[in-house]
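# Summary of structural features
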Amino acid sequence: MESTSNKNEPEDFHKNLVFIPGDIAWTLVCSALVWLMVPGVGFFYSGLARSKSALSLVSLCCWSIAVVSIQWFLFGYSLAFCKNGSAFIGSFNNAFLINVGNGQNPSNDKIPEILFCIYQCMIAG
């Protein structure tokens, strides 16, 4: 079975990672709360519009999280958080979440990178 680690990383890189379960749980809770805010924004928009447009505005907000999630996992995370991109935009090295797994993420080394990716996906939606 092949190793899932990157070829540039030392062999014992993943053995030294220590993730804090409290940080992981809190990030999951925050992701769920942001996910619940999306229909809330739809209800807010529908309150500002005419009543016959309410259902379409709520469904528009729910569809936006679906479309943005697909785009985020295909190429958005790579363009936003790639480690070897330029100062303004990343590269496609992590497109389709290639080499994104249990390694360190760009901002906090106490949660896995895939969890950071999911959290940022909810923020992008």
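Just so you know, these numbers come straight off a predicted model, no measurement behind them.

## A short note on the packing of aromatic side chains
Here the distance between the centres and the angle between the planes together describe a pair of aromatic rings. The tally for this structure, following the rule as stated, stands at 5 aromatic pairs. With a centroid separation of 6.1 Å and 70° between ring planes, the pair formed by tryptophan 72 and tyrosine 77 is classed as edge-to-face. The exposure classification of tryptophan 72 matches that of tyrosine 77, with both residues buried. With a centroid separation of 5.0 Å and an interplanar angle of 75°, the aromatic rings of phenylalanine 81 and phenylalanine 116 are classed as edge-to-face. Of this pair, phenylalanine 81 sits in helix H2 (residues 54-81) while phenylalanine 116 sits in helix H3 (residues 113-124), and the two are 35 residues apart along the sequence. Residue classification places phenylalanine 81 among the partly exposed residues on the basis of a relative accessible area of 22%. For phenylalanine 116, a relative accessible area of 6% gives the class buried. Through a chain of ring-to-ring contacts, the aromatic side chains of Trp72, Tyr77, Phe81 and Phe116 assemble into a single cluster.

## Re the packing of helix H1 (residues 21-48) against H3
In contact at an axis separation of 9 Å, H1 and H3 are set at 20° when each is read in the N-to-C sense. Relative to H3, the element H1 is oriented roughly parallel. The chirality of how H1 crosses H3 is left-handed. In this structure, H1 contributes Ile24, Thr27, Leu28, Cys30, Ser31, Val34 and Trp35 to the contact, and H3 contributes Leu115, Tyr119, Met122 and Ile123. For the contact of H1 with H3, the class distribution of residues is 9 nonpolar, 2 polar and no charged.

Cut-off values and rules
- Residues numbered from 1 in each chain as written.
- Predicted model: local features only at pLDDT ≥ 70, side-chain atom pairs only at ≥ 80, totals over all residues.
- Heavy atoms only, no water.
- Phe/Tyr/Trp six-rings, centres within 6.5 Å; stacked < 30°, edge-to-face > 60°.
- Buried < 20%, exposed > 50% of the residue type's maximum accessible area, 1.4 Å probe, protein only.
- Helix = DSSP H or I, 4+ residues; strand = E, 2+ residues; numbered from the N terminus.
- Axes fitted to C-alpha atoms, helices over the stretch in contact; angles between N-to-C directions.
- Parallel < 35°, antiparallel > 145°, perpendicular 65-115°, else oblique.
- Left-handed = near helix turned anticlockwise from the far one by under 90°.
- Contact = heavy atoms within 4.5 Å.
- Nonpolar A, V, L, I, M, F, W, Y, C, P; charged D, E, K, R; others polar.

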